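# Examination of the molecular architecture
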Amino acid sequence: MNTLFSQLPSIDSLLRDSAVQALTGQYGHQQVVTTLRKLQQEAREQILQQQQLPEWQVDWPQAAEQRLQAQQQSALRPVFNLTGTVLHTNLGRALLSESAVEAVACVMRSPVTLEYALDEAERGHRDRTLADLLCQLTGAEDACIVNNNAAAVLLMLAALAPGQEVVVSRGELVEIGGAFRIPDVMKQAGCQLAEVGTTNRTHLKDYRQAVGENTALLMKVHTSNYQIEGFTSAVEESDLAALGRELNVPVITDLGSGSLIDLSQYGLPAEPMPQQLIAAGVSLVSFSGDKLLGGPQAGIIVGKKTLIARLQQHPLKRALRVDKMVLAALEATLKLYLQPEKLAEQLPTLRLLTRSQADIRAQAERLLPALEKAFGEQFSLEIAACSSQIGSGSLPVDLLPGMAVTLTPRDGRGSALQQLAATLRQLAVPVIGRIQAGKLWLDLRCLQEEALFLKTIAR
Ligand SMILES: *Cc1c(COP(=O)(O)O)cnc(C)c1O
């Protein structure tokens with residue numbers, strides 16, 4: 001063992017090696033020394049445990065370079081999303097428009113008028129410009145922007161109903177995932193949940209009976225990720241808003257996704273629109289920036305000026321506020337909505353959602369030969385119709401007709417599929433597909449960079 005130990009190079013001698021000196025030039029002395037020490041430590045352990053030298057004994061500089069390169073790689077790696085879910089939360093939801101990308105780069109490089117009004121040279125309000133734009137798009141009186149829609153719901157409850165009751169239908173006590181559950185958020189916000197109605201049916205009289213001395217809000221939650229079918233009844237926002245006006249209790253709605261345009265005009269499932277709820281008389285509506293809106297992660301609250309002012313003044317707003325990059329990306333995204341006829345072209349989310357099955361099929365046909373070449377030996381490949389999902393809490397039952405290339409193991413083994421999925425995840429740009437019914441499905445709806453994809457699978 002001692003002979004083995006004596007064969008390990010010293011850090012000093014390694015640092016005199018010209019290849020290691022090149023690494024020092026690139027990565028700096030400190031990182032290189034830390035990496036060499038780590039390799040040395042691992043080598044010692046290997047000698048102790050296995051009585052043999054590590055495989056990198058033949059080329060320490062190369063081993064160090066590999067480690068340093070791996071460290072250099074960003075933790076947020078670009079991937080090909082071929083899962084068939086357009087707004088995939090684990091893959092970062094909406095892809096932003098080019099105008100949003102440019103706007104973010106611009107505010108990153110330069111001081112900006114974030115809370116500074118040029119005309120009066122006094123401290124302005126950071127949501128101000130966007131609030132005006134949101135009012136124009138939704139017909140609301142004012143707006144407030146926070147970190148995400150979960151934060152928006154928390155802020156509305158904490159600011160408007162501390163220690164008081166909030167009335168919600170039993171059919172709308174939603175769990176979104178990631179521990180966002182309406183009853184828990186109520187508790188965190190210091191409110192008391194007053195449940196009304198039943199799982200399948202809630203009537204206006206249920207809300208009316210629940211309102212008492214201590215009621216601060218009536219709340220609707222969009223049941224975005226599930227549907228109750230059959231003998232059901234829910235109260236329309238306009239009816240609840242009328243009741244709220246009569247009893248002088250504000251009505252708030254957590255819309256979740258929400259779309260600023262009528263998606264049915266593109267043949268997509270209709271989603272409720274914030275402007276419809278504002279028109280129906282709802283006091284505050286909250287929705288996400290990175291779901292159907294197609295912008296950055298943000299929570300947007302629109303509605304009555306007096307209520308928005310209470311949100312802006314609450315200490316939690318300071319903790320939940322967004323930064324200049326989010327505001328820049330959101331402003332650029334919202335501006336696209338001022339020209340709705342160009343939206344399907346300029347907003348990636350809508351562009352992907354509205355791709356026709358014929359267009360995706362043509363792409364599948366273009367890619368099939370290269371995929372055959374890369375995987376044809378072990379797998380049989382086919383072009384097959386499939387169903388894509390909008391994702392991010394949009395109704396999972398609303399599916400979009402799409403096209404996929406499927407790979408079926410020639411030996412019929414499930415382990416070959418798992419192995420293939422793992423191989424695809426390890427490519428230079430990882431490819432994320434979906435295993436279903438004994439096949440690996442590469443749903444091409446979200447494949448934009450075709451040339452890069454071909455290059456990636458050719459390796
Ligand atoms: C998605 C969703 C949320 C959470 O929104 P985030 O922007 O992800 O924080 C809250 N409520 C509903 C109904 C949702 O669909």
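Residues numbered from 1 in each chain as written. Predicted model: local features only at pLDDT ≥ 70, side-chain atom pairs only at ≥ 80, totals over all residues. Heavy atoms only, no water.

## Quick look at the overall build of the protein
Note the following rule: Think of it this way: any DSSP run of H or I at least four residues long counts as a helix, any run of E at least two long counts as a strand, and we number them from the N terminus. Remark: exposure states derive from per-residue accessible area (1.4 Å probe, protein chains only) relative to the maximum for the residue type, with buried under 20%, exposed over 50%, and partly exposed in between. Contacts between residues were defined by any pair of non-hydrogen atoms, one from each residue, lying within 4.5 Å. Per-residue and other accessible areas follow the Shrake-Rupley method at a 1.4 Å probe size, with only the shown protein chains counted as cover for residues. When charges are counted, neither His nor the chain ends are considered; positive counts come from Lys and Arg and negative counts from Asp and Glu. Here the site of a charge means atom NZ of a Lys, CZ of an Arg, CG of an Asp or CD of a Glu.
Summing up its helical and strand segments, the protein has 20 helices and 18 strands in all. Principal-axis analysis of the C-alpha atoms places the extent of the protein at approximately 90 × 55 × 45 Å. Each of the 459 residues in the protein was classed as buried or not, and the buried ones make up 47%. A separation of at least 24 residues holds for 74% of the contacts in the protein among residues at least 6 apart in sequence. Roughly 22,600 Å² of accessible area belongs to the protein as shown, and the carbon and sulfur atoms make up 49% of that amount. Each charge sign in the protein was given a centre, from 42 positive and 47 negative side chains, and these centres are 3 Å apart.

## Remarks on unusual backbone geometry
Even without a glycine there, the phi angle at Gln51 is positive, about 50 degrees. Its location among the elements puts Gln51 in the loop between helix 4 (29–50) and helix 5 (60–72). Non-glycine residue Arg93 carries a positive phi angle of around 55 degrees. Within the fold, Arg93 resides in the loop between strand 2 (85–87) and helix 6 (98–109).

## Description of the site of the ligand
Operational definition: Proximity is defined per residue: if any heavy atom of the residue lies within 4 Å of a molecule or strand, that residue is considered near it. In protein, a polar contact requires one atom able to donate a hydrogen and another able to accept it; more generally it is a pair of N or O atoms within 3.5 Å, and residues adjacent in sequence count only if both atoms are side-chain atoms. All amino acids are sorted into three groups, where Ala, Val, Leu, Ile, Met, Phe, Trp, Tyr, Cys and Pro are nonpolar, Asp, Glu, Lys and Arg are charged, and the leftover types, Gly among them, are polar.
Lining the immediate surroundings of the ligand are Arg93, Asn148, Asn149, Ala150, Ile176, Phe180, His222, Ser224, Asp254, Gly256, Ser288 and Lys291. In the environment of the ligand, an oxygen atom lies 2.8 Å from a nitrogen or oxygen atom belonging to the side chain of Ser224. Here Ser288 contributes a side-chain N or O atom positioned 2.6 Å from an oxygen atom of the ligand. Calculation on the ligand without its partners gives an accessible area of 380 Å², and the protein chains cover 94% of this total. If you list the elements that add at least two residues to the shell around the ligand, you get helix 8 (149–160) and strand 11 (251–256). Of the residues belonging to the shell around the ligand, the class tally is three nonpolar, six polar and three charged.

## Digging into the sheet that holds strand 17 (residues 434–436)
The pairing of strands in a sheet happens through backbone hydrogen bonds and is either parallel or antiparallel. We count it as follows: Whether two strands pair comes down to DSSP finding at least two bridges between them. Between the N-to-C directions of two axes lies an angle of 0 to 180 degrees, each axis being a line fitted to C-alpha atoms and, for a helix, fitted only over the stretch in contact.
Spatially, 2-14-15-18-17 is the arrangement adopted by the five strands of the open sheet, whose pairing is mixed. On the outer flanks of this sheet lie strand 2 and strand 17, each paired with one strand and no other. Across the sheet, the axes of successive neighbouring strands diverge by a mean angle of 40 degrees, strand direction being ignored. One ladder, built from three bridges, connects strand 17 with strand 18 (residues 439–443); its direction is antiparallel. Within strand 18, the position partnered with Gln436 by the bridge is Lys439. Across the sheet, helix 19 (residues 414–425) touches strand 14 (379–391), strand 15 (399–409), strand 17 and strand 18, and the angle it forms with strand 18 is around 35 degrees.

## Re the packing of aromatic side chains
Threshold: Stacked, tilted and edge-to-face are the three classes assigned to paired rings of Phe, Tyr and Trp, where Trp is represented by its six-membered ring and a pair needs centres within 6.5 Å; plane angles under 30 degrees give stacked, over 60 edge-to-face, the rest tilted.
The tally for this structure, following the rule as stated, stands at two aromatic pairs. Taken together, a centroid distance of 6.1 Å and an interplanar angle of 85 degrees make the contact between Trp56 and Trp60 edge-to-face. Neither Trp56 nor Trp60 differs from the other in exposure class; each is buried. A ring pair is formed by Phe80 and Phe453, whose centres lie 5.3 Å apart and whose planes are at 85 degrees; its orientation type is edge-to-face.

## A look at the packing of helix 18 (residues 357–375) against helix 20 (residues 450–458)
Rule in force here: Oblique is the label for any angle not under 35 degrees, not over 145, and not in the 65 to 115 range, which are roughly parallel, roughly antiparallel and roughly perpendicular in turn. For any helix crossing, the convention is left-handed if the near helix is rotated counterclockwise from the far helix by under a right angle, and right-handed if that rotation is clockwise.
Between helix 18 and helix 20, whose axes approach to 10 Å, the crossing angle comes to 15 degrees. In terms of orientation, helix 18 and helix 20 fall into the roughly parallel class. Considering only the axes of helix 18 and helix 20, their crossing is right-handed. Residues Gln363, Arg366, Leu367, Ala370, Leu371, Ala374 and Phe375 of helix 18 form the contact with helix 20, whose participating residues are Glu450, Phe453, Leu454 and Ile457. Split into classes, the residues belonging to the contact of helix 18 with helix 20 amount to eight nonpolar, one polar and two charged.

## Re the pairing of strand 15
Counting buried residues along strand 15, nine of its 11 residues qualify, which places the element largely inside the surrounding structure. Pairing geometry for strand 14 and strand 15, over 11 bridges, is antiparallel. Bridge pairing in strand 15 links Ala384 to Ala404. Across four bridges, the pairing between strand 15 and strand 18 is antiparallel. Residue Ala404 lies in a different strand from strand 18, and its bridge partner there is Asp443.

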